[in-house]
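Structure at a glance
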Amino acid sequence: MSLKAGIVGLPNVGKSTLFNAITKKNILAANYPFATIDPNIGVVTVPDSRLEYLENLYEPDSVVPTTYEFTDIAGLVKGASNGEGLGNKFLSHIREVDAIVEVVRCFQNSDITHVEGTVDPIRDIEIINVELVMSDLEIIENRINKIGKKIEMAKDKKELVEINALKKCRENLEKNIPLRNVEFDEDELLVLKNFSLITLKPIIYATNVNEEDAIVGTNEFVNLVRDYAEKENSAVITLCAKLESELSELEESDKKVFMEEIGLTSSGLDKLIFQTYELLGLATFFTAGEKECRAWTFKKGMKAPECAGIIHSDFERGFIRCETMSFNDLEKYGSEIKVKEAGRMRLEGKEYLMQDGDICYFRFNV
């Protein structure tokens, strides 16, 4: 499964600079609103030292890490839902993403104009949230209008679930409450999945600070964002987009040395990826051999056949069993043979819940 995130934020908060760092692509990053007009998509590999270990052990013909796709969207301004700036037409580009990354400016710099005149991260977050809420409300209203009289006459269970879910959405959106802060049951969520509602998606606030505060890990603006995010069970990471952009230009060995010199234990980009995995409940399993070593992303709670289906639908359809060993055991014993000799190689069936770090060989018959 491919992990996707949409990057949103006001103009001049560091979105395009962060995107440059993520993809090492030289897109336009200018000090004025609407520098990024068309959506930009970049794919980065998810860092995983376990895959490096497998590569050294098996010496395969190819190594395929799992990936993370970012969509960078034009800066949004107050009133976009009413046509201000570029309007909110760009939002269609992020309706299919798994999570929203909202870049929030948490640094002072008189040389970089703030579209609202002053630095106020909570105000900025709420401006973006209002536009996202209005976009979702438009979709809900259109659906309710389309259903029309069915709302009052519906007797079918599925129709009633949809109608009640739509009403609940409208009631909360009209109060400016993002849908991720509303409780829905499984049936309601199944219905709402069809609408790709943006405010229903989990959000990570990426607080963009200056270099000094990135090393410290916080400042007074970041603390405000953390308090805000805690109330809605959202995630927060702190990074310096300018520093990340500089780090992305270095070779990996030089990058590590430089980070050690300035006192950074991990890059902001790595923190963003790991935080997204945690927020979405994602994990990684591996397939390994002389031909290929590969990392696969799955959702915690998935069973072995479902994970086999990530590789190919035939694997899930004809699933028989899964030969499995944990990465920790392989690292401990040093080879597959020694893992087997230690009795740590397992045969798992259809009810097995895949674990992070499992190394699998799927047996199937179609």
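Residues numbered from 1 in each chain as written. Predicted model: local features only at pLDDT ≥ 70, side-chain atom pairs only at ≥ 80, totals over all residues. Heavy atoms only, no water.

**Side note on the confidence of the model for the protein**
In this model, the protein carries an average pLDDT of 87, and 88% of its residues clear a pLDDT of 70 or more. Looking at the elements of the protein, mean pLDDT is at its lowest for helix H4 (residues 150–153), recorded as 66, and at its highest for helix H14 (residues 327–333), recorded as 98. Across residues 25–37, confidence stays below pLDDT 50; counting only partners more than four residues off in sequence or on other chains, it has 34 contacts. (pLDDT = per-residue confidence, 0-100. Helix = DSSP H or I, 4+ residues; strand = E, 2+ residues; numbered from the N terminus. Contact = heavy atoms within 4.5 Å.)

**Digging into the packing of helix H3 (residues 121–147) against helix H8 (residues 220–231)**
As a packed pair, H3 and H8 sit with axes 9 Å apart at the nearest point and diverge in direction by 45 degrees. Judged by the inter-axis angle, H3 sits oblique to H8. Facing H3, whose interface residues are Pro121, Ile122, Ile125, Glu126 and Asn129, H8 presents Phe221, Leu224, Val225 and Tyr228. By residue class, the composition of the contact of H3 with H8 is seven nonpolar, one polar and one charged. (Axes fitted to C-alpha atoms, helices over the stretch in contact; angles between N-to-C directions. Parallel < 35°, antiparallel > 145°, perpendicular 65-115°, else oblique. Nonpolar A, V, L, I, M, F, W, Y, C, P; charged D, E, K, R; others polar.)

**Regarding the pattern of salt bridges**
For the structure shown, the criterion picks out 17 salt bridges. Two residues, Asp136 and Arg95, come together in a salt bridge whose shortest N-O distance is 3.0 Å. Of this pair, Asp136 sits in helix H3 while Arg95 sits in the loop between strand S4 (67–72) and strand S5 (99–105), and the two are 41 residues apart along the sequence. The class for Arg95 is buried, based on a relative accessible area of 11%. (Salt bridge = Lys/Arg side-chain N within 4 Å of Asp/Glu carboxyl O. Buried < 20%, exposed > 50% of the residue type's maximum accessible area, 1.4 Å probe, protein only.)

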